[in-house]
Amino acid sequence: MTDVATVDLHFIDMPADHAAEDTTPLVVIHGLLGSADNWRSHLKVWQRSRRVIALDLRNHGRSPHAEGMQYATMAADVLALLDKLSIQRAHVLGHSMGGKVAISLACLAPERVASLIVADIAPVAYQHGHDDVFAALDNVREGQPKNRREADDLIAQHVDSRPTRLFLATNLVRNDDNVMALRIGLDQIKRGYNDIIGVPDGEQPYEGPALVLRGSESHYVADDMLPALREVMPRARVVTLKNAGHWLHADQPEAFQQAVDVFVSAQ
């Protein structure tokens, strides 16, 4: 799939409360600057009927830092994790950047993907849009805040949105010097940003069942992107969640959880 060495991804593995042993598990892949921890409330809902695995992509969460943010590379990391867990096939859900990882995995190794759920991203190239976020995180790294209030003040110099600042703060941990430090591989992410905003990898379309969930107030899956989406996922059903933006799983958690659960259960 790629010549770049895979990394050993950190993951959360939640067994099913009530499910047959042969029930296909669900794998959840977060978006840019997110982590598996962001999905815990959703995992608790989905684990009622199946095993759920949420992972930290390279340079995110508790996973190792490494060069290379190409989608084939990140898909290879996920595939290596599936091999490690002896999972031959899984339903794969990805949000934003994680959605492009999921699409790449489905196109490159379709035999491993029972169904594909893509949350608010299209298989197209996007424009640069995270300069303020990267500047805010650089500001935290240089400012070495002693607590989260100081960190928020540093982030606020570049990011006005309080919800966005709270989300970015999930990437902070207290280090041995008693400073709030970044746990992500920010430099590796910045160097790989052109790949991140690019198209997913994989030359062949994914012919399996697919669900694309988009937020009514988000521009990430605009109507004019649907033809490109159909080329990559010809069987995709597109569902729009009302009163939801790009973080549709946070804006409309119950509707999002139900849409995923109903779709996966029908496969």
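Residues numbered from 1 in each chain as written. Predicted model: local features only at pLDDT ≥ 70, side-chain atom pairs only at ≥ 80, totals over all residues. Heavy atoms only, no water.

K.L.:
With reference to specific residues and values, describe the sheet that holds strand β9 (residues 236–241).
P.N.:
In spatial order, the strands read β1-β3-β2-β4-β5-β8-β9; together these seven strands make up an open sheet with mixed pairing. If you trace the sheet from one side to the other, it starts and ends with β1 (11–14) and β9, each paired once. In this sheet, adjacent strand axes meet at a mean angle of 15° when their direction is disregarded. By the bridge criterion, six bridges tie strand β8 (residues 210–215) to β9 in an arrangement that is parallel. Each residue of the ladder has a partner; that of leucine 211, found in β9, is arginine 237. Against the sheet, helix α2 (residues 71–84) makes contact with β1, β2 (26–29) and β3 (52–55), and its axis sits at roughly 140° relative to β3, the strand it touches most. The sheet strands contacting helix α3 (residues 97–108) are β2, β4 (90–95) and β5 (113–119), and the helix crosses β4 at an angle near 145°. (Pairing = 2+ DSSP bridges. Helix = DSSP H or I, 4+ residues; strand = E, 2+ residues; numbered from the N terminus. Axes fitted to C-alpha atoms, helices over the stretch in contact; angles between N-to-C directions. Contact = heavy atoms within 4.5 Å.)

K.L.:
I'd like a description of the pairing of β3, backed by residues and values.
P.N.:
Residues in a regular strand point their side chains to alternate faces of the sheet. Of the two faces of β3, both are covered, the one formed by Val52 and Ala54 as well as the one formed by Ile53 and Leu55. Sheet analysis places β1 next to β3, joined by four bridges and oriented antiparallel. For isoleucine 12, the partnering residue across the bridge sits in β3 and is alanine 54. In this sheet, β3 lies alongside β2 in parallel orientation, the contact comprising four bridges. Each residue of the ladder has a partner; that of valine 28, found in β3, is alanine 54. Following the chain from β2 across helix α1 (residues 40–46) to the adjacent parallel β3, one finds a crossover that is right-handed. (Buried < 20%, exposed > 50% of the residue type's maximum accessible area, 1.4 Å probe, protein only. Right-handed = clockwise from strand over helix to strand, strands pointing away.)

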